[in-house]
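Per-entry structural report
Read off the chains here:
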2 protein chains.
Amino acid sequence: MSTTDWIAVDWGTSHMRAWAMTASGDILQRAASDKGMGSLSPDQFEAALLEQIEPWLRDNVLMPVLACGMVGARQGWCEAPYTQVPCTPLAADQMVKPDVKDARIAVHIIPGLCQQGPADVMRGEETQIAGFMAEHPHFVGVLCLPGTHCKWADLRDGKVLRFHTYMTGELFALLSQQSVLRHGMQQDAAQGMDEAVFLQAVNEAFQQPQQLSSALFGLRAAGLLQGLGAAAARARLSGLLIGNELAAAAPLWQGHAVSIIGDKGLSALYAKALQAQGIPVATVSAEQITLNGLRAAWQQLARSGS
Amino acid sequence: MSTTDWIAVDWGTSHMRAWAMTASGDILQRAASDKGMGSLSPDQFEAALLEQIEPWLRDNVLMPVLACGMVGARQGWCEAPYTQVPCTPLAADQMVKPDVKDARIAVHIIPGLCQQGPADVMRGEETQIAGFMAEHPHFVGVLCLPGTHCKWADLRDGKVLRFHTYMTGELFALLSQQSVLRHGMQQDAAQGMDEAVFLQAVNEAFQQPQQLSSALFGLRAAGLLQGLGAAAARARLSGLLIGNELAAAAPLWQGHAVSIIGDKGLSALYAKALQAQGIPVATVSAEQITLNGLRAAWQQLARSGS
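An unreviewed UniProt entry annotates chain A as 2-keto-3-deoxy-galactonokinase originating from Pokkaliibacter plantistimulans.

Given below as structure tokens:
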């Protein structure tokens, strides 16, 4: 029976996931908890980690734990200063090691990336980018990582040259749940989305991105005047916001192949929106690619002998 | 001593204000309550009104009450169907009269305006526009009415030709109080705003309106990387949103004089932003102009003999 050689951790604002791994990168066990960075003070991280990984530890064996995500933020366990682009997405020598009480673990937190002009930051996505690069070492093009704060990264020669963040996901949540648009807005994402309505809105916003704020209020007015239904309102809101983002990010993706890394449903929307602009798109599962990135970080760490 | 000849009411989502008026338009008394449309069911409006105006009523005298605002919405006291532009802002023959139990009052609700393409609606602002037109009957140009949902209206020959609504105020509230940007954002509006920072952001957003969503996240990144302060973050957020709105509304206001009707502080920000684009601007007090509009509605009603 294989034993755990190292532990991979993806620790975001609202969740943490952990995997018991072999040296060759196979997954032995999985664990997850809702003790995300947002709900923990710095002195609570170690206990929250041990709750999940305790069964995988052995006496007198120092277990490397590689963690990415908001765990390395200023409000996290231990701040991992950003690495500045252009740079490779991972740098083993810049991981930070928080102090721990349990002598069986050595925790390494992967730093995020930053850009000074225009100011931008990421934490967690750099590990996904590294996972993607591990599979496509010679990739030249653009990665789109949809989510609460969608990132677009320009990659070449194994480096992240520049990136931009759009608040699309957070705007969708705020507008659909807390603004005047919540009236007459379908709240249940599981009910699916009318693709024609979505794509029509993508195209409108892509053509006239400066009219977003007016088009948003237009959803309310169309509900009152023209009977726009709750499902169509949700599809249009999503389309307007994603179309606006595509217009803003166009200088990055125009003329390039785009790969999308993210949640399956959201990635499919971005793929449809980009394909409607004539852009070839590949989609990649976020969980798989995050783990690939953590594997790449482990290999760097093992090589460096830390 | 003068007696009350009619009662003016401005009844919005969160507040109602009432004035006891003479036939010649003088104010005798004022009253206000926080029983806005949003907190009342249809059968509660009459009592909420009487709580404020009871002292102004007399036995055996039918008192006209003229009300504007969200009181006429579908979720209000009694729906006042929208009048469609192009049209005059007030049409006495289209006011609706809700059923009342108290025989001393005759309530008239002023309808809002609507536009079919692009779909848009207003309730309350039409009365402010009427108040403005009463003072400037030959005005040709653009009115800007800042607020939660900022309206821009194109006026000519005593009519509203078209109008557009921008969600600027609601976006500012959501982003400054509920998004990731709330971290490192000054919440107290009373502390004033750095005009240079505000205008710089107005200009950036005006030049690149399609980059709004990216510029918004940039506030967070600049706080983390470059020490952007909480007061400057608030000024930049306001400037980015207003600059974006100015870009979207440019086809309306370019080449025209603009008059701004609204809350004093917010109107001053819009005035500075427009003046920075070389546009001459006049500002008008919202309360005064609302009452002027209600006076104009009363005069129409009195003339029509209803």
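1. Some remarks on the relation of the copies chain A and chain B
Least-squares fitting of chain A to chain B yields an RMSD of 0.0 Å, with the superposition described by an axial translation of 0.0 Å and a rotation of 180°. Between the two chains, the operation in question is that of a two-fold axis. Residues of chain A ranked by C-alpha distance from the rotation axis are headed by Gln210 of chain A, positioned 2.6 Å from it. A shared binding surface is used by both copies, with 100% of the interface residues of chain A retained as interface residues in chain B.

2. Quick notes on the interface of chain A and chain B
In this complex, chain A contributes 40 residues to the contact, which on the side of chain B involves 40 residues. Carbon and sulfur atoms supply 62% of the area buried between chain A and chain B, which totals about 3500 Å² over both sides. The largest contributions to the chain A side of the interface with chain B come from Met167, Phe217 and Leu225 of chain A, which together make up 18% of the buried area. The tally of links from chain A across to chain B stands at 0 salt bridges. The interface formed by chain A and chain B holds 11 residue pairs in polar contact (both at pLDDT 80 or more) in total.

3. What to know about the pairing of strand β1 (residues 6-11) of chain B
Residue and element names in this part refer to chain B. In terms of burial, β1 is largely enclosed, as 6 of its 6 residues are buried. Neither face of β1 is open: one carries Trp6, Ala8 and Asp10, the other Ile7, Val9 and Trp11, and all of them are buried. Where β1 meets strand β2 (residues 16-21), 6 bridges bridge the pair, whose relative direction is antiparallel. Directly across from Trp11, in β2, lies its bridge partner Met16. As defined by bridge partners, β1 adjoins strand β4 (residues 63-68) across 4 bridges and the pair is classed as parallel. Bridged to Val9 within β4 is Ala67.

4. Some points on the environment of Gly192 of chain A
Take Gly192 of chain A: it is sitting in the loop between α3 (168-178) and α4 (195-207). In this structure the C-alpha to C-alpha distance between Gly192 of chain A and Ala257 of chain A, which are 65 residues apart in sequence, comes to 27 Å.

5. Remarks on the packing of α3 of chain A against helix α6 (residues 230-253) of chain A
All names here are of chain A. Between α3 and α6, the shortest axis-to-axis distance is 10 Å and the interhelical angle comes to 150°. Here α3 is positioned roughly antiparallel relative to α6, judged by the angle of their axes. Considering only the axes of α3 and α6, their crossing is right-handed. Judged by residue contacts, Thr168, Leu171, Phe172, Leu175 and Ser176 of α3 engage Arg234, Leu237, Ser238, Leu241, Ile242 and Glu245 from α6. Here the contact of α3 with α6 is composed, by residue class, of 6 nonpolar, 3 polar and 2 charged.

6. Describing the side chain of Ser213 of chain B
Considering the arrangement of structural elements, one finds Ser213 of chain B in helix α5 (residues 212-226). Polar contacts involving the side chain of Ser213 of chain B include one to the main-chain amide nitrogen of Met167 of chain A, which spans 2.8 Å. Residues contacting Ser213 of chain B, with those up to four places away along its chain left out, are Thr165, Tyr166, Met167, Thr168, Leu171 and Asn244 of chain A.

7. A look at the packing of aromatic side chains
All names here are of chain A. Summed over all chains, the structure comprises 12 aromatic pairs over all chains. For the pair Trp11 and Trp77, a centre-to-centre distance of 6.1 Å together with 70° between the ring planes defines the contact as edge-to-face. You can see Trp11 sitting in strand β1 (residues 6-11) and its partner Trp77 sitting in the loop between β4 (63-68) and β5 (83-84), a full 66 residues away along the chain. For the pair formed by Trp11 and Trp77, the shared burial category is buried. Ring pairing ties together the aromatic residues Trp11, Phe45 and Trp77, which thus form one cluster. Here the basic side chain of Arg123 rests over the ring of Tyr82, its NZ or CZ set 4.3 Å away from the ring centre.

Here is what the cut-offs are and how they apply
Residues numbered from 1 in each chain as written. Chains lettered and ligands numbered in written order. Predicted model: local features only at pLDDT ≥ 70, side-chain atom pairs only at ≥ 80, totals over all residues. Heavy atoms only, no water. Least-squares fit on C-alpha atoms with pLDDT ≥ 70 in both. Contact = heavy atoms within 4.5 Å. Buried area = accessible area lost by both parts, 1.4 Å probe. Salt bridge = Lys/Arg side-chain N within 4 Å of Asp/Glu carboxyl O. Polar contact = N/O pair within 3.5 Å; in protein donor to acceptor, adjacent residues only side chain to side chain. Buried < 20%, exposed > 50% of the residue type's maximum accessible area, 1.4 Å probe, protein only. Helix = DSSP H or I, 4+ residues; strand = E, 2+ residues; numbered from the N terminus. Pairing = 2+ DSSP bridges. Axes fitted to C-alpha atoms, helices over the stretch in contact; angles between N-to-C directions. Parallel < 35°, antiparallel > 145°, perpendicular 65-115°, else oblique. Left-handed = near helix turned anticlockwise from the far one by under 90°. Nonpolar A, V, L, I, M, F, W, Y, C, P; charged D, E, K, R; others polar. Phe/Tyr/Trp six-rings, centres within 6.5 Å; stacked < 30°, edge-to-face > 60°. Lys NZ or Arg CZ within 6 Å of the ring centre and 35° of its normal.

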